[in-house]
Structures are given as C-alpha cells and as structure tokens.
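Residue strings, one per chain:
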Amino acid sequence: MSKTGSAMPEPTGPKQSAAPAVAPQSPPLWLLAELTYKCPLQCPYCSNPLDFADHGEELTTEQWIDVFRQARKMGAAQLGFSGGEPLVRRDLEQLIAEGRKLGYYTNLITSGIGLNADRIAAFREAGLDHIQISFQASDETVNNMLAGSDKAFQQKLKMAREVKAQGYPMVLNFVTHKHNIDRIDRIIELCVELEADFVELATCQYYGWAYENKESLLPTRAQLERAERITNEYRDKLAAAGNPIKLIFVTPDYYEERPKKCMNGWGEIFLTVTPDGTALPCHSARMLPIEFPNVKDSSLQHIWRDSFGFNHFRGDDWMQEPCRSCDEKELDLGGCRCQAYMLAGDMNAADPVCSKSPHHQTILDARAAAENSGEDSPITFRNERNSRVFARG
Amino acid sequence: MTKPTLAHTPCLNPMFRFQWEEAQNCHVLLYPEGMIKLNDSAGAILSEITGEQDCAAIIQALEARFPEAGELGPDVLEFLEVAHEQNWIRYA
C-alpha cells in the first residue's frame, strides 16, 4: 500500500488516454475540503499559503454542502475535512452527516486540538468513517515546541486513545524533519502503543511554510537513510508478530534524482477546495501565477472539465525541454509545478528535483546546506502575525 | 488461520466500507484515504458477507443468484482466503 504523500489516496484513477485533447476527462475521486485556515497550532511546515491571513470569507455550511453534492455526482468517493484545523468549524458535525449521507467515505484530518470524547461520539453518530491525528514528534517537549502549545502532546495522546476506544480506523501522521527524524524508532513505538491502523511517516515536503523553513527542517541524507532502514526493520518485526499496522514512509523528493508524478497527474484525481471556495488541483497550487476558479462563481463540472486552471497542465503540450523530448516524461509528467515555480522561477520548467533539470543545482545546494546547518537555525512559525507580514509582501 | 471452512462466518473488517460506485461502474472497498476497485465476482461475493451468513450459506446464496455458473464453492473459498490475507474480512 504505497502512498504518494501526506493524506493522499491510492492511485486508483482510470488510465489516461494517449490523446488527452479528445479523451473524456476522468472524474475527481478525492475532494479535500479545507474548511478553514484557522488553527490553534503553528507548525512551521504547514502547507497552507504564507498569506493565509489575507484570504477572504469562509464558505457557508450551505455552500459546502452544495460542493459535496456536486463532486459526489461527478464521482468523488473520498471526502477529506481538513484546514487549518477543521474542528474550528462549528458546523463540522453537520458537514460530516451530509457527506456521509451522499455516500462519501469521510475522513477527518485533525491536530486533535479541540476534540473531546463527546465530539468524537457525535461525529460517529453523524457517520464519520475515519480520523487522522497529526503529531509533531514522539517527544513531548519537541512536539510542543513545534506546535507552539504546551498542552498539545498530552491532548493528542488522549484523543488518539479515545478515537480507538470508539472503534474508528485511525491514521497517525508524523511529518518528519531534522528535529524529530532521529527518533523514528520512538515514533513507531508510540504508534504501535496507540494502536494506529496506518502510520504516515511523511518526510516534510517543502511548500508553504515548510519552504520558508527549509534550512531548519531538511534532514541530511544520512538521517533519512537511517530512518528508512529503521522503518523497514520495524515493518519486518511487526509483520512477524502478526501486527496489521501499516507503516507508510513518504520519501522526500529533495533526495531523489527524478521528480514525483505530482498529485498522480494534474487534475486527474484530486480536487481541493480552499476555505474561500477557490478550487485547486492540489493544495499547494494556489502559489502559482494562475487564476484558479471559485465554486461561488462556477459549477464544479465546469471547473474540473473546462476551466483554464485545471486544464493548463493536463497532457504534455505545455512541456518545455528537457521534459518535452524526455523518454521518461510519462512516468513523472515533468514533476511538481509548484516546485518548478519556486526553485526554477518558471512553472513550465522541469521540476528541479530531476537531475536533467538545468536548475538541479538548487536541490544540490539545499542538500549541502542540510549538512552544514545546526539544530539552532531560526524557525518561522505559522501564525496569524507572521502571515500578515507575508500578506503585505 | 487462512483457509476458511464452510462453517466459518466472515464479516467485513470495520476498516473498510463496501459499496457500489456508479462512476466506477463497480463495487469498491473504501478505507482511510483509499479505494480498491473490485471485479464482478469479488463484488458479488463481498455483497453476501453480512456477518450473519457462514461460508456454506454464502455459497448457496451465490449459486442461487448465478445458476448458470454451476458449482461455486471452491472459487468462493479461494477468494475468501485472499480477502482474509488482504485483511478485508475477519472471522467471527
């Protein structure tokens, strides 16, 4: 069971035809509803936009339900409630109930802050299928330092136990980076103790706030290789003991020579709707110089099938060299558009992770910087105050 | 235990939800952030797994539903073995 990134589904999309211009567009399978940018924590690797504080009003309950209905009709089967912290929305229970009634598999992706036993039971009653809780570290001090909260760790432990006690499938998500990756053994043991069904050991991807904090987050190659080796040892050990827990190790592309097939193809499977109703092919895409459509102005059908934003990077007509003539282009579709934009300054360029990219040096430089940077590099926390600085630009 | 006998009663692992997906034109198993598409026979067998019927009753029900298919026992038990290995089902 391989996963392509944090909170990503299996690549189950229908095969793309060789002629994308005429082939009917396959439907979205995954609707990620980013209900709010509000969050009580301030994780410095948050994937929300840097200027989140500057974004408009959140969609209303009715607007969200309408989005769920439209996406379900098109064929979406998975519905993720995310944010920010989705628990901040007071109508969450109602949104879960509507999603479940429409036939979605409903996933709550939460920090656990704002959760309690009654609310977990009420969500169960509303039909919630699964809860994913994110941790910052296996160690209380590091966890709370990264989260920017003294109480976060104990609350997460308590809620993870409650989620299992109430019979939900549970995914635990750890974003790993320089500050916690050396404790991967403790992380895995904690997850076993909490009876997680799946564990995402998601090496930090450098978008949003994480990109700002790359120097203090990117682990060294030696750290990574060690973590992967230990994870494999635990997999063998747990399987031999008959423990069905699944450990999913998400490799960071900064240590790869070929880029990832981002989102399993642009506009193929994923549809993210942001708190203000902007529709995106991936939760990072908002940073690109593209005008993305809004669910308040257009139908999802139009957005998915016909909008410029969703069609722009479908197929391979947009590719430049070295991608255009590359015999591997079908494998990775040129990699991540956001990474190309951030590192090469051109969203149409090859993803600089690729060793064939003329900008691959930026990746080599980041790896070299990781070898030299100490534990004490400054960290910019994801909070309203810092976001306002970015919003002013 | 891997190979079920006729007296075993399988139930779906609560991790999974089994349903018909119109857009996929097939039965699927949904689980946290993922989906497994099932072929026709897998879909037919899983739709008989209620947690109430034992393997003998499941086979009987399927043979009644698909009389032209003949004897289904060995195929059904073989599928259930795989389904159990995949952790899709459990035995009461």
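Starting from 1, residues in each chain are numbered consecutively following that chain's sequence as written. Note on labels: chains are lettered from A, ligands numbered from 1, in written order. Where totals are concerned, whole chains, interfaces and linings use all residues; where local detail is concerned, this predicted model gives features only for residues with pLDDT of at least 70, and gives and counts side-chain atom pairs only at 80 or more. The side-chain numbers reported here are obtained from all heavy atoms of the structure, hydrogens and water having been left aside.

An unreviewed UniProt entry lists chain B under the name PqqA binding protein, from Marinobacterium weihaiense. UniProt positions are given in the numbering used here, feature names are shortened, and annotations may be inferred rather than shown by experiment. As stated in UniProt under Subunit (unreviewed entry), the record for chain B gives "Monomer. Interacts with PqqE."

Asks: Talk me through the pairing of strand E2 (residues 78-82) of chain A; I want residue IDs and the actual numbers.
Replies: Two faces make up the sheet, and in a regular strand the side chains alternate between them. All names here are of chain A. Burial classes follow relative accessibility: with a 1.4 Å probe on protein chains only, a residue under 20% of its type's maximum area counts as buried, one over 50% as exposed, and anything between as partly exposed. Secondary structure follows DSSP: runs of H or I at least 4 residues long count as helices, runs of E at least 2 residues long count as strands, and numbering of each begins at the N terminus. With respect to burial, E2 is a largely interior element, five of its five residues being buried. Because side chains alternate across E2, one face comprises the buried residues Gln78, Gly80 and Ser82, and the other comprises Leu79 and Phe81, equally buried. In this region the chain leaves strand E1 (residues 30-34), passes through helix H1 (residues 61-74) and returns to the parallel neighbour E2; the handedness of that crossover is right-handed. Whether two strands pair depends on DSSP finding at least two bridges between them. Relative to strand E3 (residues 105-110), E2 is paired through four bridges, and the arrangement is parallel. In the sheet register, Gly80 faces E3, and the bridge partner there is Asn107. For a crossover, the right-handed case is the one in which the path from the first strand over the helix to the second runs clockwise, viewed with the strands pointing away from the viewer.

Asks: Account for empty space enclosed by the protein, with residues named and values stated.
Replies: Residues and elements named next belong to chain A. Grid points spaced at 1 Å and placed over the protein atoms alone form the basis of the search, with a cavity being a set where a 1.4 Å probe fits but cannot get out and a pocket an open set showing protein on both sides within 12 Å along at least five of seven lines. Lining residues have an atom within 4 Å of a point. Grid points are joined across faces, edges and corners, and a volume is the space filled by probe spheres set on the points. This model, assessed by the stated rule, comprises four cavities of 30 Å³ or more. Within this model, the largest cavity holds a volume of roughly 130 Å³. In this structure, the largest cavity is lined by 13 residues; those nearest its centre are Cys262, Trp266, Gly335, Cys336 and Arg337. For the lining of the largest cavity, the residue count by class is nine nonpolar, two polar and two charged. Looking at the second largest cavity, the residues that line it are Pro259, Pro322, Cys323, Cys326, Glu328, Lys329, Asp332, Gly334, Ala350, Asp351, Cys354 and Lys356. Each residue gets one of three labels, nonpolar for Ala, Val, Leu, Ile, Met, Phe, Trp, Tyr, Cys and Pro, charged for Asp, Glu, Lys and Arg, and polar for the others, Gly among them.

Asks: Can you break down the nonpolar core residue by residue, with the values?
Replies: Here, nonpolar core means buried Ala, Val, Leu, Ile, Met, Phe, Trp, Tyr and Cys residues that are tied together by side-chain atoms lying within 4.5 Å of each other. Counting 81 residues, the largest nonpolar core has Leu31(A), Trp64(A), Phe68(A), Phe81(A), Phe123(A), Phe135(A) and Leu172(A) as the members making the most contacts within it. Every residue pair with non-hydrogen atoms within 4.5 Å of one another is taken to be in contact. With near-sequence residues (within four places) excluded, Phe81(A) lies in contact with Ala33(A), Leu35(A), Phe68(A), Pro86(A), Leu92(A), Leu95(A), Ile96(A), Thr106(A), Asn107(A), Leu108(A) and Ile109(A).

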